[in-house]
Amino acid sequence: PEVITVQELANRMAEKGVALVKVLMGMGVMATINEVLDQDTAQLVVEEFGHKPKRVLDSDVEIGISGAEDDETDLASRAPVVTVMGHVDHGKTSLLDALRKANVVSGEAGGITQHIGAYQVEVSGQKITFLDTPGHAAFTEMRARGASVTDICIVVVAADDGVMPQTKEAIAHAKAAGVPLIIAINKMDREGANPDRVRQELLQEEVVVESFSGDVQEVEISALTGLGLDNLKEQILLQAELLELKANPSRAANGVVVEAKLDKGRGSVTTTLIQKGTVKIGDIFVAGAEWGRVRALVNDKGQQVKEAGPSVPVEVLGAGGVPSAGDDFAVVSNEARAREIVDYRQEQIKKKRALAAAGPKTMEAMFTQ
Ligand code: GDP
Ligand code: MG
């Protein structure tokens, strides 16, 4: 999320703003001198002028989120991360609750009262991570940033209601993200349940389920009675096996913020889904435009843990402020590095705000300088 305006870029290159605007036009980008450019566009412009691009600070690459490839030999298999989508009232929340409850051993600390936006379920020794993001806001935000968090998408369709607008949307999202689908035909306990109608309607969305000789898994379930839930979990594991999901557990941790809040007793609580590496108590981290030292780690069952590895959701205590859902999380080498990244990001945020406040661009602004 680095940003620079056309004017700033011009100043840095000692070129005129209008000259950059012209070059941008030539590239098919209509921009005023106040326009904010993303790094890739900025880099193209700089190259166009024959300058050697030098990024001020490419924190995302430097801290290893998109950088440093892992050695094949360091990779270990990890749990699939699953998102549940579907039309309103078709049973997303009920399904997530049912899967979660079935997994809670009575008497466990925290029990089912603990809600951290993501949790793990164990099925015959194998784990599945479910993302439980309210309103999918975080999920949408993460995708908008190009972060891929989900491995498998479950689309819930009520057997007594069929394919509805948000069902179609969910299917489109999953397809766009290139994430395999599992169709959960829910409310099978209902009198009006008609799973074949659902299968039929799915054809129009170009989703051909297995019982129609297609390649999309479908499972008939009832989130209310628990019917088919074991089968659903089996199907998830089957799909996960095909995906051969792996991550390097022995590097500095990277992940994504699932949700974050300020807790009266505990301070800033950053629920993070670890994607690579292992986060440990004492680690210095950056989460969006905040940083901190890991004071404590709490798992989805409310238990304190010493570390958390790939695909594990964990509450990280110790951030100086409250980051946003969808922010990246990364462990960095030292405090100075963390401060440098956060200072830079906060500066970028300020600039963006100032630009937004500056209001709409005028023709005059476009031809100033
Ligand atoms: P969401 O909007 O997709 O999260 O849907 P909810 O989980 O809130 O469910 C909407 C309504 O459908 C609630 O009243 C649930 O109790 C009910 N519901 C969900 N799953 C089932 C099911 O399998 N069978 C029946 N009979 N009702 C269900
Ligand atoms: Mg719901």
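Parameters and conventions
- Every residue gets a number counted from 1 within its own chain, in the order that chain's sequence is written.
- For this description, chains carry letters from A and ligands carry numbers from 1, given in the order in which they are written.
- Selection of residues for local features in this predicted model requires a pLDDT of at least 70, selection of side-chain atom pairs for listing and counting requires 80 or more, and totals for whole chains, interfaces and linings are taken over all residues.
- With hydrogens and water set aside, each side-chain value is computed from the structure's full complement of heavy atoms.
- Axis geometry follows a simple rule: fit a line to the C-alpha atoms, using only the stretch in contact for helices, then measure angles between N-to-C directions, giving values from 0 to 180 degrees.
- Numbering of helices and strands runs from the N terminus; a helix is a DSSP stretch of H or I covering at least four residues, while a strand is a stretch of E covering at least two.
- Each angle is binned into one of four classes, with values under 35 degrees roughly parallel, values over 145 roughly antiparallel, values of 65 to 115 roughly perpendicular, and all other values oblique.
- The crossing is said to be left-handed when, going from far helix to near helix, the turn is anticlockwise and less than a right angle, and right-handed when the turn is clockwise.
- Note on contacts: a residue pair qualifies if any of its non-hydrogen atoms lie within 4.5 Å across the two residues.
- Under the scheme applied here, ten amino acids are nonpolar (Ala, Val, Leu, Ile, Met, Phe, Trp, Tyr, Cys and Pro), four are charged (Asp, Glu, Lys and Arg), and all others, including Gly, are polar.
- Burial classification: accessible surface area is computed with a 1.4 Å probe over protein chains only, and a residue below 20% of its type maximum counts as buried, one above 50% as exposed, and the rest as partly exposed.
- Here, any two strands with at least 2 DSSP bridges between them count as paired.
- Working definition: rings of Phe, Tyr and Trp (its six-membered ring) pair if their centres are within 6.5 Å, and the pair is stacked with planes under 30 degrees apart, edge-to-face with planes over 60 apart, and tilted otherwise.

## Observations concerning the packing of helix 1 (residues 6-13) against helix 2 (residues 17-26)
Between helix 1 and helix 2, the least distance of the axes is 8 Å, while the angle of their chain directions is 115°. In terms of axis orientation, helix 1 runs roughly perpendicular to helix 2. At the point where helix 1 passes helix 2, the crossing takes the right-handed sense. Of the residues in helix 2, those in contact with Val-6, Gln-7, Leu-9, Ala-10 and Met-13 of helix 1 are Gly-17, Leu-20, Val-21 and Leu-24. Along the lines of polarity and charge, the residues of the contact of helix 1 with helix 2 split into 7 nonpolar, 2 polar and no charged.

## Thoughts on the pairing of strand 12 (residues 267-276)
Two faces, one strand: in a regular strand the side chains alternate between the faces of the sheet. With 7 of 10 residues buried, strand 12 lies mostly within the body of the structure. As judged from the 9 bridges shared by strand 11 (residues 254-263) and strand 12, these two strands associate in the antiparallel manner. Opposite Val-256, over in strand 12, you have Leu-273 as the bridge partner. As judged from the 5 bridges shared by strand 12 and strand 18 (residues 313-319), these two strands associate in the antiparallel manner. From the neighbouring strand, Leu-273 faces strand 18, where its bridge partner is Pro-313.

## With respect to the packing of aromatic side chains
Counted by the stated rule, this structure contains 2 aromatic pairs. Relative to Phe-130, the ring of Tyr-119 has its centre 5.6 Å away and its plane inclined at 35°; by these criteria the two rings are tilted. Of this pair, Tyr-119 sits in strand 5 (residues 118-123) while Phe-130 sits in strand 6 (residues 126-131), placing them 11 residues apart in sequence. The class for Tyr-119 is buried, based on a relative accessible area of 2%. In this structure Phe-130 comes out as buried when scored by relative accessible area, which is 0%. Here the aromatic rings of Phe-285 and Phe-329 are separated by 5.1 Å at their centres, their planes lie at 25°, and the arrangement is stacked. Of this pair, Phe-285 sits in strand 14 (residues 284-287) while Phe-329 sits in strand 19 (residues 328-332), placing them 44 residues apart in sequence. Assigned by exposure class, Phe-285 and Phe-329 land together as buried.

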